[in-house]
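# Results of the structural survey
Residue strings, one per chain:
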There are 2 protein chains.
Amino acid sequence: MLLSKTCIYGLRASVLLASKKQGGLEYTTIRELSDELEISFHFLTKVLQKLTKSELLESYKGPNGGVKLARDASSINFMDVVRSIDGDSLIHECALGLPGCGLLKPCPLHDQWSGLKMNIITMMQDITLKDMANNDSTGHLLKNPIQIISGK
Amino acid sequence: MLLSKTCIYGLRASVLLASKKQGGLEYTTIRELSDELEISFHFLTKVLQKLTKSELLESYKGPNGGVKLARDASSINFMDVVRSIDGDSLIHECALGLPGCGLLKPCPLHDQWSGLKMNIITMMQDITLKDMANNDSTGHLLKNPIQIISGK
DNA sequence: GTATATTAAGACTAAATACTCTTAAATATT
DNA sequence: AATATTTAAGAGTATTTAGTCTTAATATAC
Ligand code: SF4
Ligand code: SF4
């Protein structure tokens, strides 16, 4: 799996926040997010703390508190969230799990893989939370997905 | 990580076998493979058992025994090994970790992602063990990779 | 047949990831 | 000030993945 489950949770919560953001002045409680996404409240809290620390979200304690996007949804991209949660491994390490790659020591898959890897990174950099929120016609990201095609 | 460590071990051992196969009549001991690849012998044994069960490898017990490719290296592709070890999840599940995808219920990333996913699968189906063995000029797959760019 | 070399299989341990629970800190309302 | 609401932080548990170790089964050589 390219992304950790934690990372997917963070993404889904971020897209949900983006879809809520009309004025963008109000905070949404993590409880509300966790209810809508059907993710454990306590776990989501931990995940979102990472996003808050990396300043993609802002949080506020107490009544009427919660979290909100720190910037406009159109200026936060997929990759921002991935890097905040999963770190840079997607960029630095080979997604095939063969670290130590590079021009110095390309492995036998490098020619075929490096282009694909670049495409993935480019895609993640190009798509913003706003894009995802606008395109979520089915609410797929916003619910716990039902396994239609069972993968093992 | 797109592939499990177990899967990468299996791939590396398979490529090594492919590179050895001149006549293809002889068995290579798992001990020799594990020494060259610097992978734990016992663990590699378990991994290769999967490949043997799915008939990508043939094994033989006793003196002069070991494992060998069951077919010509040019007729076993990357995807064969991946499916044998990691199963079909790469194909059926979304590599982004969002199961339940498909035409019925495309998530907001589907347009961007499905093409990339297809490219990855196609690449894995197109490249054979022979290709990889021929292209391993640096022996990268055949050693425990040294982390040049440290990813976390 | 006895010893030796090898894979097969299963139980066990370790590490990483995912998840839960409790307590503390901050803020608002009264 | 007291209480309620909310995130922050940290300890603890569970599950999955990775890795080890022991024993069994199979084949060869003498
Ligand atoms: S495919 Fe490229 S990036 Fe990946 S291990 Fe090989 S050389 Fe490195
Ligand atoms: S719709 Fe496409 S991108 Fe979304 S989860 Fe399914 S396969 Fe993945």
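Fair warning: this is a prediction, and the values are worked out from it, not measured in the lab.

### Observations regarding the protein's contact with DNA strand C
- Contacts to DNA strand C come from 27 residues, most closely from Tyr9(A), Ser40(A), Tyr60(A), Ile30(B) and Ser59(B).
- Note that a phosphate oxygen of DNA strand C is positioned 3.0 Å from one of the side-chain N or O atoms of Tyr9(A).
- At the level of elements, helix H1 (5-20) and helix H3 (41-53) of chain A together with helix H3 (41-53) and strand S1 (57-60) of chain B are the ones that each hand at least two residues to the surface near DNA strand C.
- In terms of residues, the surface near DNA strand C owes the most to one element, H3(B), which gives 5 residues.
- Of the residues belonging to the surface near DNA strand C, the class tally is 8 nonpolar, 13 polar and 6 charged.

### Quick notes on the protein's contact with DNA strand D
- Around DNA strand D, the structure places 26 residues, and the nearest of them are Ile30(A), Ser59(A), Tyr9(B), Ser40(B) and Tyr60(B).
- Within 4 Å of the protein, atoms of DNA strand D come from sugar and phosphate in 65% of cases.
- At a separation of 2.7 Å, a phosphate oxygen of DNA strand D approaches a polar backbone atom of Ile30(A).
- Here a phosphate oxygen of DNA strand D and a side-chain polar atom of Thr6(B) are 3.1 Å apart.
- Going through the elements one at a time, H3 and strand S1 (57-60) of chain A together with helix H1 (5-20) and H3 of chain B are the ones with two or more residues in the surface near DNA strand D.
- Broken down by element, the surface near DNA strand D gets its largest block of residues, 5 residues, from H3(A).

### Things to note about unusual backbone geometry
All names here are of chain A.
- Despite not being glycine, Glu-55 shows a phi value in the positive range, around 65 degrees.
- Note on Glu-55: relative accessible area 60%, which makes it exposed.
- Phi at Asn-64 takes a positive value of approximately 65 degrees, unusual for a residue other than glycine.
- Since its relative accessible area comes to 72%, Asn-64 is described here as exposed.

### Structural notes on the packing of helix H2 (residues 30-37) of chain B against H3(B)
All names here are of chain B.
- Where H2 meets H3, the axes come as close as 9 Å, and the angle between the chain directions of the two elements is 115 degrees. Like other packed secondary-structure pairs, H2 and H3 cross with a definite hand, here right-handed. Taking contact as the criterion, the partners of Ile-30, Arg-31, Leu-33 and Ser-34 in H2 are, on H3, Phe-41, Leu-44, Thr-45 and Leu-48.
- Classifying every residue of the contact of H2 with H3 gives 5 nonpolar, 2 polar and 1 charged.

### Some remarks on the pairing of strand S2 (residues 66-69) of chain B
Residues and elements named next belong to chain B.
- Here S1 pairs with S2 via 4 bridges, running antiparallel. Bridging from a neighbouring strand, Leu-57 pairs with Leu-69 of S2.
- Connecting S1 to the next strand, S2, in antiparallel fashion are 5 residues, including Gly-62 with a positive phi near 85 degrees.

### Some remarks on the environment of Lys5(B)
- Within the element layout of this structure, Lys5(B) appears in helix H1.
- The spacing of Lys5(B) and Asp111(B) is 106 residues in sequence and 29 Å in space, taken between C-alpha atoms.

### A short note on the confidence of the model for chain A
All names here are of chain A.
- Mean pLDDT for chain A: 86, with 82% of residues reaching 70 or above.
- Mean pLDDT values for the elements of chain A range from 86 in helix H5 (residues 89-92) up to 98 in H3.
- Segment residues 145-152 is flagged for pLDDT under 50; beyond a separation of four residues in sequence, or across chains, it makes 17 contacts in the model.

Parameters at a glance
All chains use their own residue numbering, which begins from 1 and follows the written sequence. The lettering of chains begins at A and the numbering of ligands begins at 1, in the order of writing. Only residues with pLDDT of at least 70 get local features here, since the model is predicted, and only at 80 or more are side-chain atom pairs given and counted; chain-wide, interface and lining totals rely on the full set of residues. Excluded from the side-chain calculations are hydrogens and water; all other atoms, namely the structure's heavy atoms, are used. If a single non-hydrogen atom of a residue is within 4 Å of a molecule or strand, that residue counts as near it. N or O atoms within 3.5 Å of each other form a polar contact, as long as, within protein, one can give a hydrogen and the other can take it, and as long as residues adjacent in sequence are counted only when both atoms are side-chain atoms. Elements are defined by DSSP. Helices are runs of H or I of four residues or more, strands are runs of E of two residues or more, and each kind is numbered from the N terminus. Each residue is assigned to one class: nonpolar for Ala, Val, Leu, Ile, Met, Phe, Trp, Tyr, Cys and Pro, charged for Asp, Glu, Lys and Arg, and polar for all the others, Gly among them. Any residue under 20% of the maximum accessible area for its type is buried, any over 50% is exposed, and the rest in between are partly exposed; the area is computed with a 1.4 Å probe on protein chains only. The angle between two axes is taken between their N-to-C directions and runs from 0 to 180 degrees, where each axis is a line fitted to C-alpha atoms and a helix contributes only its stretch in contact. If you view the pair so one helix is near and one far, a crossing is left-handed when the near helix is turned anticlockwise from the far one by less than a right angle, and right-handed when it is turned clockwise. By definition in these notes, contact holds between two residues if any of their heavy atoms fall within 4.5 Å. Two strands make a pair as long as DSSP finds a minimum of two bridges between them. As a per-residue quantity, pLDDT reports the predictor's confidence and falls between 0 and 100.

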